[in-house]
Amino acid sequence: MQFIDLQKQYLALKDKIDSRIEKVLSKANFIGGEEVGELSAKLAKYCGTEYCLTCANGTDALTLALRCFNVGRGDAVFVPDFTFFASAETPALEGATCVFVDVEERTFNLDADKLEEAVKETISDGKLTPKAIIAVDLFGLPANYIKIRKVADKYGLPIIEDGAQGFGGSIGGKKACSFGDISTTSFFPAKPLGCYGDGGAVFTDNKDYYDLMCSLAVHGKGTFKYDNVRIGYNSRLDTVQAAVLLEKLDAFEKYEYAARNDIAKRYTQLLGGKFVTPLIPENFGSSWAQYTLILNSGEERTHIQESLKKKNIPTMVYYPKPMHKQTAFSDLPDRSGKLQVSSKLSDTVLSIPMHPYLTAEEVEYIAKSLLEI
Ligand SMILES: *Cc1c(COP(=O)(O)O)cnc(C)c1O
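We now turn to the structure provided with this report. Source: prediction; values computed, not measured. (Residues numbered from 1 in each chain as written. Predicted model: local features only at pLDDT ≥ 70, side-chain atom pairs only at ≥ 80, totals over all residues. Heavy atoms only, no water.)

Examining the overall build of the protein chain
So, point 1. If you tally the helices and strands in the protein chain, you get 11 helices and 12 strands.
So, point 2. For 373 residues, the compact-globule formula gives about 21 Å, and the C-alpha radius of gyration of the protein chain, at 21 Å, lands near that figure.
So, point 3. Scored against the burial criterion, the 373 residues of the protein chain give a buried share of 54%.
So, point 4. Across the protein chain, contacts joining residues at least 24 apart in sequence account for 71% of those joining residues at least 6 apart.
So, point 5. Of the roughly 16100 Å² of accessible surface on the protein chain, a fraction of 51% belongs to carbon and sulfur atoms.
So, point 6. On the protein chain, the mean spot of the 43 positive side-chain charges and the mean spot of the 49 negative ones are 1 Å from each other. (Helix = DSSP H or I, 4+ residues; strand = E, 2+ residues; numbered from the N terminus. Rg over C-alpha atoms; globule rule 2.2 N^0.38 Å. Buried < 20%, exposed > 50% of the residue type's maximum accessible area, 1.4 Å probe, protein only. Contact = heavy atoms within 4.5 Å. Areas by Shrake-Rupley, 256 points an atom, 1.4 Å probe, with all protein chains shown as cover. Lys, Arg positive; Asp, Glu negative; His and termini not counted. Charge placed at Lys NZ, Arg CZ, Asp CG, Glu CD.)

Now the structure itself:
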């Protein structure tokens with residue numbers, strides 16, 4: 001059994017994907033082919049934003065967004081402590097200082113009350129200028145943008161939605177990647193919508209940000225390619241990846257999102273009451289990038305992982321180290337007393353296989369094996 005079975009997905013979509021790729025090969029339009037434009041238009045429509053720009057990966061997407069807010073030295077960027085490293089790496093790379101904020105235990109996402117505390121603390125400290133909030137849609141569930149937006153507005157801070165894992169999720173019918181002033185996603189193969197290599201995208205309703213990111217993504221281009229008006233990057237999604245994504249987006253919309261939700265529902269039916277299963281708040285929709293249990297202790301987690309491994313059931317720990325415990329951030333002031341939920345989660349979370357091609361039998365087998373341990 002695979003943790004995320006990309007091969008099964010490819011076999012299900014093989015004819016369509018192969019013919020899409022062949023078309024790109026025969027036209028030899030490898031960079032900036034028509035598929036790239038077609039994809040960004042479809043992505044914007046799906047997410048309900050005015051603009052979408054595809055780029056090289058989800059990390060670059062965050063960097064492009066941060067550049068729009070002039071994030072740099074002396075600035076504080078508020079980042080959830082429990083996330084993938086790129087959410088914190090990108091503001092640090094711009095020279096800004098990350099202020100890590102604790103998460104809500106049951107949703108794994110940024111805690112808006114603690115965000116406000118951290119903003120207030122930063123202001124009263126007077127050393128850094130609060131500049132932006134990065135909120136992450138961890139494991140497929142949008143963060144609570146209703147509450148986060150209130151804090152953002154109160155302190156005049158823009159929100160970057162890191163929707164790398166959140167594509168497809170929703171709040172009250174409004175889709176993920178539309179909640180930030182700029183939102184980002186990743187098409188890394190294991191994400192809910194993945195390509196066959198690296199890829200990413202940024203989303204916004206703001207034309208100035210969009211235009212700036214279009215320039216930044218192509219070496220800071222001005223009116224044409226060899227007119228360079230700022231220092232930028234080489235961050236494009238190539239045509240083959242766009243072609244793959246066009247087919248995968250179709251499958252995602254037509255049945256993969258629903259299949260992920262059916263599987264999650266079944267897991268919760270079978271495991272609820274015996275395990276702490278993921279909480280999806282009322283009106284929220286998840287694309288189930290991961291199905292993550294909270295166990296009682298690290299020892300219990302090791303025992304369960306080893307027992308499942310013997311039954312050929314792979315599991316993963318996302319994430320074993322919160323941001324504030326990363327060596328790369330060891331120079332930051334110690335706020336560990338305020339990051340206890342994320343510390344606890346790092347010791348106790350366990351993600352079990354989740355992808356839209358898991359069979360009902362596999363789901364039952366995984367749940368039964370967990371209940372037997
Ligand atoms: C995967 C991921 C990223 C980075 O995406 P890449 O395409 O791998 O660069 C950023 N943030 C989060 C939360 C992620 O899960």
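Now, onward.
Brief notes about the nonpolar core
So, point 1. Residues F82, F100, F108 and L345 are the most contacted members of the largest nonpolar core, which totals 42 residues.
So, point 2. Listed by contribution, the elements that provide at least two residues to this core are strand 1 (51-55), helix 3 (58-68), strand 2 (75-80), strand 3 (97-101), strand 4 (129-136), helix 7 (207-216) and helix 10 (340-348).
So, point 3. With 6 residues, helix 3 is the single largest residue contributor to this core.
So, point 4. Listed in part, the 23 residues of the second largest apolar core include A135, L141, V151 and A176. (Core = buried A, V, L, I, M, F, W, Y, C linked by side-chain atoms within 4.5 Å.)

Considerations on the pattern of salt bridges
So, point 1. Tallied over the entire structure, the rule returns 18 salt bridges.
So, point 2. Note that K154 and E116 form a salt bridge whose closest N and O atoms lie 2.7 Å from each other. A residue pair is termed long-range when its members are at least 10 positions apart, and K154 in helix 6 (residues 145-154) and E116 in helix 5 (residues 112-125) qualify at 38 residues.
So, point 3. On the accessibility criterion, K154 (57% relative accessible area) is exposed. (Salt bridge = Lys/Arg side-chain N within 4 Å of Asp/Glu carboxyl O.)

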